[in-house]
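Coordinate analysis (summary)
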Amino acid sequence: MMRAFFISISKLAWAQKAITHWKLAWRVSSRFIAGETAADAVEAVRKLNAVGILATVDHLGEHSHTPADADLAVNNILIILEEIQKAGLQANVSIKLSQFGLALDPDLAYANLVRVLMKGRECNNFVSVDMEDSGLLPATLSLIYRVWEQGFDNLGAVIQSYLYRSEVDLGQLLERGIAVRLVKGAYQEKPDVAYRRRKEVDANFDRLADVLIQGAIKRGKRSVSKDGRFPPLTAIASHDLKRVRFAALTAKQQGLPKSALEFQMLYGIRRALQWDLAAQGYPVRVYIPYGTHWYPYFMRRLAERPANVRFFLSSLLQQ
Ligand code: FDA
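What comes next concerns the included structure. (Residues numbered from 1 in each chain as written. Predicted model: local features only at pLDDT ≥ 70, side-chain atom pairs only at ≥ 80, totals over all residues. Heavy atoms only, no water.)

**A look at empty space enclosed by the protein**
Rules: Here a cavity denotes a set of grid points, spaced 1 Å apart and computed over the protein atoms alone, in which a 1.4 Å probe fits but from which it cannot get out, and a pocket denotes an open set meeting protein on both sides within 12 Å along at least five of seven lines; residues with an atom within 4 Å of a point are reported as lining. Grid points are joined across faces, edges and corners, and a volume is the space filled by probe spheres set on the points. The numbering of helices and of strands both runs from the N terminus, where a helix is a DSSP run of H or I of at least 4 residues and a strand a run of E of at least 2.
Under the defined criterion, the tally for this structure stands at 1 cavity of 30 Å³ or more. Looking at the largest cavity, its volume works out to about 90 Å³. Forming the walls of the largest cavity are 15 residues, and the residues nearest its centre are Phe 126, Ser 128, Arg 181, Pro 231 and Gln 264. Secondary structure elements with two or more residues in the lining of the largest cavity: strand E4 (155-160) and strand E5 (179-183). It is E5 that provides the largest number of residues to the lining of the largest cavity, a total of 3 residues.

In structure tokens, the structure reads:
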């Protein structure tokens, strides 16, 4: 109920306008967001790299309404790729295809994705394509396959365990050798496409983690790259200790080395677990969002956890 509420207001333009102009909302959301500029993101990456944690940087933004907006989004990503290269950081980038104009015109999004992948190649870097709501999923996967077939192998995809179709999609990604980030899923989906109950989403997460680990073993147990930019085939992106432990144990039992099992978490969430896994020898990558378009991302983080809403409301009362 609360989740549905926050996800639905994440899409309302008037709510976005009201909340983003509100200093208090920025103060609370800055727990999850590195800052508004590329320099803020670079600084956050530096701090994590200094303690042995890798990063993936996300220039916040989704649903570009015009080709010019999409172009601006692409330019921001080209800039951050350049900054990562200049600073020699152990970081790659995460993007959303709706930023690149996917809903306006798939060919425009394709051309924009190619620009970013070319820049990625030039900077020896990797681009992770986030997965958005299920309405965009077929077009997202088809663009990923299209660029893959053109020889761009510096990109990865995301699989959401709340969707019924994910096991089939995962099989097709593994067949091609495309790196996968496994998540539970952050959008509001209808019962005809997604599991509703937490227990079912979790059970499917473990099932998919198992398939992903077996797939990584079959494809040669590729490790994270030495410069920390290219992830292994398997990335488990969850803050749920049970999911993390299941994946670690399954990998150990099946013989996938630690260097080939990456754990990913969001900036500002479960730092102690990030440190603990890194100390155990796993690659750990933190997803670092930055930029001025933080509202929908922040609303999804509120939707995930009642405690975040309580924190937000209590900060409001202390005003
Ligand atoms: P779950 O929600 O069950 O949380 C487990 C525990 O983690 C909670 O009990 C709490 O302690 C902590 N926690 C989780 N969320 C928190 C929050 N917001 N604030 C504070 N504590 C929190 N989704 C998607 O649909 N497409 C995508 O491309 C991505 N990409 C992505 C990248 C990375 C690196 C991560 C970690 C996650 C995503 N996600 C995503 C989001 C994902 O789908 C999911 O919504 C969140 O990770 C929360 O789910 P958990 O697996 O953490 O479990």
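Next comes the rest of the write-up.
**Points about the pattern of salt bridges**
The condition is simple: Note on definitions: salt bridges are taken to be side-chain nitrogens of Lys or Arg within 4 Å of carboxyl oxygens of Asp or Glu. Residue exposure (1.4 Å probe, protein chains only): buried if accessible area is under 20% of the type maximum, exposed if over 50%, otherwise partly exposed.
Under the defined criterion, the tally for this structure stands at 18 salt bridges. Note that Arg 115 and Asp 71 form a salt bridge whose closest N and O atoms lie 2.8 Å from each other. Here Asp 71 lies in helix H5 (residues 67-87) and Arg 115 lies in helix H6 (residues 106-122), a separation of 44 residues in the sequence. The partly exposed category is assigned to Arg 115, whose relative accessible area is 32%. Asp 71 sits in the partly exposed class, given a relative accessible area of 32%. The shortest N-O distance in the salt bridge between Arg 285 and Glu 262 comes to 2.7 Å. One end of the pair, Arg 285, is in strand E8 (residues 284-290); the other, Glu 262, is in strand E7 (residues 261-266), with 23 residues separating them in the sequence. As far as the burial class goes, Arg 285 and Glu 262 line up, both buried. Through salt bridges with shared partners, a single network forms among Lys 184, Asp 202, Asp 206, Asp 240 and Arg 243.

**Let's talk about the environment of Val 127**
Condition: Contact between two residues is taken to exist if any of their heavy atoms lie within 4.5 Å; hydrogens are not considered.
Relative to the helices and strands, Val 127 is located in strand E3 (residues 127-129). When the C-alpha atoms of Val 127 and Asn 154 are compared, they prove to be 6.2 Å apart, with 27 residues separating the residues in sequence. Discounting residues that sit within four places of it in the chain, Val 127 has contacts with Val 93, Ile 95, Val 116, Leu 117, Asn 154, Leu 155 and Gly 156.

**Remarks on the site of the ligand**
Inclusion rule: Neighbouring residues are identified by heavy atoms, a residue being near a molecule or strand if any of them is within 4 Å of it. Contacts described as polar in this section are N or O atom pairs within 3.5 Å, which, within protein, must combine one atom able to donate a hydrogen with one able to accept it, while residues neighboring in sequence count only if both atoms come from side chains. Surface accessibility follows the Shrake-Rupley procedure with a 1.4 Å probe radius. Residue values consider only the protein chains on display as shielding. More than half of a molecule's atoms lying within 2 Å of a cavity's or pocket's grid points is what places that molecule inside it. Residue type decides the class: Asp, Glu, Lys and Arg count as charged, Ala, Val, Leu, Ile, Met, Phe, Trp, Tyr, Cys and Pro as nonpolar, and the leftover types, Gly among them, as polar. Domain borders in the structure are assigned automatically or taken from a domain database.
For the ligand, the set of nearby residues contains 27 residues, the closest of which are Gly 185, Ser 238, His 239, Glu 304 and Asn 308. The separation between an oxygen atom of the ligand and a polar side-chain atom of Lys 184 is 2.8 Å. For the ligand, an oxygen atom lies 2.7 Å from a polar atom in the backbone of Gly 185. Notes on the ligand: free accessible area 930 Å², of which the protein chains cover 90%. Comparing atom positions with the cavity grids shows the ligand to sit within the largest pocket. Elements that contribute at least two residues to the shell around the ligand include exactly E4, E5, E7 and helix H12 (295-304). Counted by class, the shell around the ligand contains 11 nonpolar, 6 polar and 10 charged residues. Both domains that meet at the shell around the ligand, namely domain 1 (1-33 + 294-319) and domain 2 (50-292), each give it at least three residues.

**Details of the side chain of Thr 140**
In this structure, Thr 140 sits in helix H7 (residues 137-149). Thr 140 sits in the buried class, given a relative accessible area of 1%. Every residue in contact with Thr 140, bar those within four places of it in the chain, is listed here: Leu 97, Leu 102, Val 129, Asp 130 and Met 131.

**Digging into the layout of surface pockets**
In this structure, the largest pocket spans a volume of roughly 1,400 Å³. Taken together, 45 residues form the lining of the largest pocket, with Arg 3, Lys 184, Gly 185, Ala 186 and Glu 304 sitting closest to its centre. Secondary structure elements with two or more residues in the lining of the largest pocket: helix H1 (2-9), E4, E5, helix H9 (198-218), E7, H12 and helix H13 (306-317). No other element matches the 5 residues that H12 contributes to the lining of the largest pocket. Grouping the amino acids of the lining of the largest pocket by side-chain chemistry returns 21 nonpolar, 7 polar and 17 charged. Each of domain 1 (1-33 + 294-319) and domain 2 (50-292) contributes no fewer than three residues to the lining of the largest pocket. Quantified by volume, the second largest pocket comes out at close to 680 Å³. Surrounding the second largest pocket, 28 residues form its lining, Gln 16, Gly 61, Glu 62, His 63 and His 293 being those nearest its centre. Secondary structure elements with two or more residues in the lining of the second largest pocket: helix H2 (13-20), H5 and H12. Partitioning the lining of the second largest pocket into residue classes produces 7 nonpolar, 14 polar and 7 charged. Looking at which domains feed residues into the lining of the second largest pocket, each of domain 1 (1-33 + 294-319) and domain 2 (50-292) supplies at least three.

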